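So the chains spell out like this:
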Amino acid sequence: QDLTYFTKKEVLYAHQKFKALAPEKVGHNKNAKLPMAKILQYPELRVNPFRDRICKVFSSSNDGDCTFEDFLDMMSVFSETAPKAVKAEHAFRIFDFDGDDMIGVSDLREVIKRLCGPEHKLSDSEIQQLVQNVLEEADLDDDGALSFAEFEHIIDKSSDFCHSFRIRL
């Protein structure tokens, strides 16, 4: 409870949700680790275009598989009570596909493709234009990528970021 943004009641409820994903595996094993495929059965993750990235960012083993602590951490960061700064830090890691501590052109292309979904195919030139628009708006030092500080600056200007960066328990 001390390491999350949850009450004791919410932590217990989160454990029920985690256990429901694989009752046979969790049972009485407090160290159970569920494969990413099981975690992705959580209803709000199932429809999220960044579901695999979310699991990998919160997985203590970095492979997407999650212990209850990993799951609780994830749900806590995505809760209404988590501070904007904590949400921004995790969003940055989710969008940094190549893990180089910058959101570069390839990361932005991937974010755009995932947000549009497979049913809304954009041409390469349309994607490139969107990437350019993002960089023109947010890349304050003109290095062709977004640092965490630049990303955070954009988050600060976004009134609905905290509302949209949320998963209900």
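Residues numbered from 1 in each chain as written. Predicted model: local features only at pLDDT ≥ 70, side-chain atom pairs only at ≥ 80, totals over all residues. Heavy atoms only, no water.

Asker: Teacher, can you tell me more about the overall build of the chain here?
Answerer: When helices and strands are counted, the chain shows eleven helices and two strands. Along its sequence from the N terminus, the chain presents helices and strands in the succession α-α-β-α-α-α-β-α-α-α-α-α-α. In terms of overall dimensions, the chain is globule-like: its C-alpha atoms have a radius of gyration of 17 Å, near the 15 Å expected for 169 residues. Counting only C-alpha atoms and orienting by the principal axes, one finds that the chain spans roughly 50 × 30 × 25 Å. For the chain, with 169 residues in total, the buried portion stands at 41%. Long-range contacts, defined as pairs at least 24 residues apart, comprise 53% of the intrachain contacts of the chain with a sequence gap of at least 6. For the chain, the exposed area adds up to about 9800 Å²; of that, 52% sits on carbon and sulfur atoms. Where the 22 positive side-chain charges of the chain centre and where its 31 negative ones centre are 12 Å apart. (Helix = DSSP H or I, 4+ residues; strand = E, 2+ residues; numbered from the N terminus. Rg over C-alpha atoms; globule rule 2.2 N^0.38 Å. Buried < 20%, exposed > 50% of the residue type's maximum accessible area, 1.4 Å probe, protein only. Contact = heavy atoms within 4.5 Å. Areas by Shrake-Rupley, 256 points an atom, 1.4 Å probe, with all protein chains shown as cover. Lys, Arg positive; Asp, Glu negative; His and termini not counted. Charge placed at Lys NZ, Arg CZ, Asp CG, Glu CD.)

Asker: Even after reading the chapter, I still don't get the environment of Ser 123, so can you show me in this structure?
Answerer: When you line up the elements, Ser 123 lands in the loop between helix H8 (105–116) and helix H9 (124–138). Each C-alpha atom of the pair Ser 123 and Gln 1 lies 47 Å from the other, and the pair is 122 residues apart in sequence. Of note is the side chain of Ser 123, whose polar atom sits 3.1 Å from the side chain of Ser 125. (Polar contact = N/O pair within 3.5 Å; in protein donor to acceptor, adjacent residues only side chain to side chain.)

Asker: Hey, could you run me through the UniProt feature "domain: EF-hand" (unreviewed entry) in the chain in this one?
Answerer: In this structure's numbering, the residues bearing the UniProt feature "domain: EF-hand" (unreviewed entry) are residues 83–118 and 126–161. With 67% helix and 0% strand, the stretch residues 83–118 has end C-alpha atoms that lie 32 Å from each other. Annotated as residues 126–161, this span is 67% helix and 0% strand, and its ends, taken at the C-alpha atoms, are 24 Å apart. (UniProt positions renumbered as here; feature names shortened; annotations may be inferred.)

Asker: Can you help me understand the domain arrangement of the chain in this one?
Answerer: Accessible area lost on assembly of the parts is the figure often given for the size of an interface. Split by domain assignment, the chain resolves into domain 1 (8–78) and domain 2 (84–164). Computed over C-alpha atoms only, the centres of domain 1 and domain 2 are separated by 25 Å. Between domain 1 and domain 2, the residue contacts involve nine residues of the former and eleven residues of the latter. Carbon and sulfur atoms supply 65% of the area buried between domain 1 and domain 2, which totals about 1000 Å² over both sides. By the criterion of area lost to domain 2, the three top residues of domain 1 are Phe 50, Arg 53 and Val 77, representing 58% of everything that side buries. Asp 52 is the salt-bridge partner of Arg 114, the closest N and O atoms lying 2.6 Å from each other. Per element, the largest residue contribution to the side of domain 1 that touches domain 2 is five residues, and it comes from helix H5 (residues 51–58). Of the residues that constitute the side of domain 1 that touches domain 2, the class distribution is seven nonpolar, no polar and two charged. (Domains from an automatic or database assignment. Buried area = accessible area lost by both parts, 1.4 Å probe. Salt bridge = Lys/Arg side-chain N within 4 Å of Asp/Glu carboxyl O. Nonpolar A, V, L, I, M, F, W, Y, C, P; charged D, E, K, R; others polar.)

Asker: Hey, could you run me through the packing of aromatic side chains in this one?
Answerer: Going through the model one piece at a time under the given rule, you end up with ten aromatic pairs. One aromatic cluster is present, formed by Phe 50, Phe 92, Phe 95, Phe 148 and Phe 151 through successive ring pairs. (Phe/Tyr/Trp six-rings, centres within 6.5 Å; stacked < 30°, edge-to-face > 60°.)

Asker: What is the right way to read the nonpolar core from this model?
Answerer: The nonpolar side chains of a soluble globular protein tend to be buried, and buried together. Ranked by size, the top nonpolar core spans 47 residues in total, and within it Ile 39 and Met 74 carry the most contacts. For this core, the secondary structure elements donating two or more residues are helix H1 (8–21), helix H3 (36–39), H5, helix H6 (68–77), helix H7 (84–95), H8, H9 and helix H10 (148–157). Among the domains, domain 1 (8–78) and domain 2 (84–164) are the pair contributing at least three residues each to this core. In contact with Met 74, not counting residues within four places along its chain, are Ile 39, Leu 45, Ile 54, Cys 55, Phe 58 and Cys 66. (Core = buried A, V, L, I, M, F, W, Y, C linked by side-chain atoms within 4.5 Å.)

Asker: I keep staring at H7 and nothing clicks. Help me out?
Answerer: Helical geometry: 3.6 residues make up each α-helical turn, so side chains three or four residues apart lie on a common side. Compared with the 16 Å implied by 1.5 Å per residue over twelve residues, the 16 Å span of H7 between its first and last C-alpha is a close match. Taken together, the buried positions of H7 are Val 86, Lys 87, Ala 88, His 90, Ala 91, Phe 92, Ile 94 and Phe 95. Looking at the buried positions of H7, the neighbouring elements they touch are H5, H6, H8, H10 and helix H11 (161–164). (Expected span 1.5 Å × (residues − 1).)

Asker: Looking at this model, I keep getting lost on the environment of Gly 117. Mind explaining?
Answerer: Residue position: Gly 117 is located in the loop between H8 and H9. A relative accessible area of 16% means that Gly 117 is categorised as buried. Each C-alpha atom, one on Gly 117 and one on Val 77, is 25 Å from the other, the two residues being 40 residues apart in sequence.

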